[in-house]
Amino acid sequence: RKEVEQDPGPFNVPEGATVAFNCTYSNSASQSFFWYRQDCRKEPKLLMSVYSSGNEDGRFTAQLNRASQYISLLIRDSKLSDSATYLCVVHTGGFKTIFGAGTRLFVKA
Amino acid sequence: DTGVSQNPRHKITKRGQNVTFRCDPISEHNRLYWYRQTLGQGPEFLTYFQNEAQLEKSRLLSDRFSAERPKGSFSTLEIQRTEQGDSAMYLCATGLAGGGEQFFGPGTRLTVL
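Each residue is numbered by its place in its chain's sequence as written, counting from 1. Here the convention is simple: chains get letters from A, ligands get numbers from 1, in the order in which they are written. Per-residue local features are limited, in this predicted model, to residues with pLDDT of at least 70; the limit for side-chain atom pairs, both in listing and counting, is 80 or more; totals at the level of whole chains, interfaces and linings are taken over all residues. Hydrogens are left out, water is left out, and the side-chain values use all remaining heavy atoms of the structure.

S.K.: With reference to specific residues and values, describe the overall build of chain A.
M.R.: A count of helices and strands for chain A gives zero helices and eleven strands. As defined in this context, the radius of gyration uses C-alpha atoms, and a globule is described by 2.2 Å times the residue total to the power 0.38. Whereas a compact globule of 109 residues would reach a radius of gyration of roughly 13 Å, chain A reaches 13 Å, a difference of no more than 12%. In terms of overall dimensions, chain A has C-alpha extents of about 40 × 30 × 20 Å along its principal axes. For each residue, the accessible area found with a 1.4 Å probe, counting protein chains only, is set against the maximum for its type, and the residue is called buried under 20%, exposed over 50%, and partly exposed in between. Going through the 109 residues of chain A one by one, you find that 45% of them count as buried. Put simply, 56% of the contacts in chain A that link residues at least 6 apart link residues at least 24 apart. For chain A, the accessible area works out to roughly 5500 Å², and carbon and sulfur atoms hold 48% of it. When charges are counted, Lys and Arg are positive and Asp and Glu negative, with His and the chain ends excluded. Positions of charges follow a simple convention, taking NZ of Lys, CZ of Arg, CG of Asp or CD of Glu. Separation of charge centres in chain A, based on 13 positive and 10 negative side chains, amounts to 4 Å. A run of H or I in DSSP counts as a helix once it spans at least four residues, and a run of E counts as a strand once it spans at least two, with each numbered from the N terminus. Note on contacts: a residue pair is in contact if any heavy atoms of the two residues lie within 4.5 Å. The Shrake-Rupley method, run with a 1.4 Å probe, gives the accessible areas here. Residue values count only the displayed protein chains as cover.

Here it is, written out as structure tokens:
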């Protein structure tokens with residue numbers, strides 16, 4: 001079983017739609033969680049951290065469920081510019097960082 | 001540009017040759033990571049430095065791979081006796097002490113013929 005698993009998609013949604021991605025992790029001792037965004041042929045960039053109480057940044061909402069060992073990302077009112085790959089990231093107890101394989105999102109007009 | 005820089009951006013080599021990549025971090029970032037990324041996959045952790053100390057190394061990393069960060073600033077990643085399976089994008093990321101965010105460089109794309 002992979003340490004971090006994501007649905008690869010692709011998710012094809014119209015502009016204005018709401019879309020949600022989940023990510024599961026296997027190490028119950030994992031300490032911190034993030035969502036990164038990666039555009040085609042570009043480096044990953046931090047989208048948002050994921051806090052235990054859940055957090056929101058504009059149209060983006062991230063949630064953590066430690067009991068079920070998953071994190072989620074909700075995007076409301078999708079824009080064409082949201083088209084990208086969304087990477088789930090987990091920091092384990094050491095210094096290792098584990099990236100999921102990513103979920104591809106295409107937002108169409 | 002004060003971001004993370006990596007050189008070279010592209011490297012084409014023949015199987016069996018040695019290659020070395022360089023990463024220059026954002027000033028004052030004492031955390032430095034190396035990753036490898038192949039098409040359709042997320043970045044795969046290779047190794048981690050805190051200042052000049054290499055504190056974590058992936059078990060997947062064979063002994064052909066070595067990384068250094070001699071003065072706690074720039075870092076190098078060397079691959080000896082390259083194999084075709086080493087073809088990938090090699091990414092460097094850095095961050096501040098105590099912080100979670102990692103800032104990625106543009107990567108070095110390696111092609112082994």
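S.K.: Before we move on, could you go through the sheet that holds strand β8 (residues 75-79) of chain B and cite the residues and values that matter?
M.R.: Residues and elements named next belong to chain B. Judged by pairing direction, the sheet is antiparallel, and its four strands sit side by side in the order β1-β3-β8-β7 without closing on themselves. Of all the strands in the sheet, the pair left with one neighbour each is β1 (5-7) and β7 (65-68). The average angle at which neighbouring strand axes cross in this sheet is 15°, direction not considered. Two strands form a pair only when DSSP identifies at least two bridges running between them. In terms of strand pairing, strand β3 (residues 19-24) meets β8 through five bridges, oriented antiparallel. Fitted lines through C-alpha atoms serve as axes, helices being fitted only where they are in contact, and the angles separating the N-to-C directions of these axes extend from 0 to 180 degrees.

S.K.: Provide a residue-level description of the interface of chain B and chain A, including the pertinent values.
M.R.: Contacts between chain B and chain A engage 19 residues on the former and 16 residues on the latter. Should a side-chain nitrogen of Lys or Arg be within 4 Å of a carboxyl oxygen of Asp or Glu, the pair is scored as a salt bridge. Counting every contact that joins chain B to chain A gives zero salt bridges. Between N or O atoms, a polar contact is any pair within 3.5 Å; within protein, one atom must be a potential hydrogen donor and the other a potential acceptor, and residues adjacent in sequence are included only when both atoms are from side chains. In this structure, the connection of chain B to chain A is made through four residue pairs in polar contact (both at pLDDT 80 or more). Elements with a minimum of two residues in the side of chain B that touches chain A: β4 (31-37), β5 (44-50) and β6 (53-57) of chain B.

S.K.: Requested: an account of the nonpolar core, with residues and values cited.
M.R.: Soluble globular proteins tend to bury their nonpolar side chains together. All names here are of chain A. What makes a nonpolar core is a set of buried Ala, Val, Leu, Ile, Met, Phe, Trp, Tyr and Cys residues whose side-chain atoms join them at distances within 4.5 Å. With 24 residues, the main nonpolar core has Phe-21, Trp-35, Ile-71, Leu-73, Ile-75, Tyr-86 and Leu-105 as its most contacted residues. Residue assignment for this core shows that the elements contributing at least two residues are β3 (19-25), β4 (32-38), β5 (45-50), β7 (60-65), β8 (70-75), β9 (84-91) and β11 (103-108). For Ile-71, the residues in contact, after removing those within four places along its chain, are Phe-21, Asn-22, Cys-23, Tyr-25, Phe-33, Phe-34, Trp-35, Val-50, Gln-63, Leu-64 and Cys-88.

S.K.: Account for the sheet that holds β8 of chain A, with residues named and values stated.
M.R.: Residues and elements named next belong to chain A. Overall, antiparallel pairing links the five strands, which are arranged β1-β3-β8-β7-β6 in an open sheet. Each having just a single partner strand, β1 (4-6) and β6 (55-57) make up the two edges of the open sheet. In this sheet, neighbouring strand axes are inclined to one another by 20° on average, regardless of whether the strands run parallel or antiparallel. Across six bridges, β7 lies against β8 in antiparallel orientation. What sits directly across from Leu-64, in β8, is Ile-71.

S.K.: Can you break down the layout of surface pockets residue by residue, with the values?
M.R.: Cavity means a closed set of points on a 1 Å grid over the protein atoms alone, one where a 1.4 Å probe fits but cannot get out, pocket means an open set with protein on both sides within 12 Å along at least 5 of 7 lines, and lining means a residue has an atom within 4 Å of a point. Grid points are joined across faces, edges and corners, and a volume is the space filled by probe spheres set on the points. Computed from the structure, the largest pocket encloses a volume of approximately 810 Å³. In terms of lining, the largest pocket is formed by 33 residues, of which the most central are Gln-38, Cys-40 and Arg-41 of chain A together with Leu-39 and Gly-40 of chain B. Secondary structure elements with two or more residues in the lining of the largest pocket: β9 and β11 of chain A together with β9 (88-95) and β11 (108-112) of chain B. Of the residues contributing to the lining of the largest pocket, the split by class is 13 nonpolar, 13 polar and seven charged. In this structure, the second largest pocket encloses a volume near 520 Å³. Along its surface, the second largest pocket is lined by 23 residues, and Ile-98 and Phe-99 of chain A together with Gly-42, Pro-43 and Glu-44 of chain B are the ones closest to its centre. Elements represented by at least two residues in the lining of the second largest pocket include exactly β1 and β10 (97-99) of chain A together with β4 and β5 of chain B. Residue polarity is assigned by list, with Asp, Glu, Lys and Arg as charged and Ala, Val, Leu, Ile, Met, Phe, Trp, Tyr, Cys and Pro as nonpolar; anything else, Gly included, falls into the polar class.

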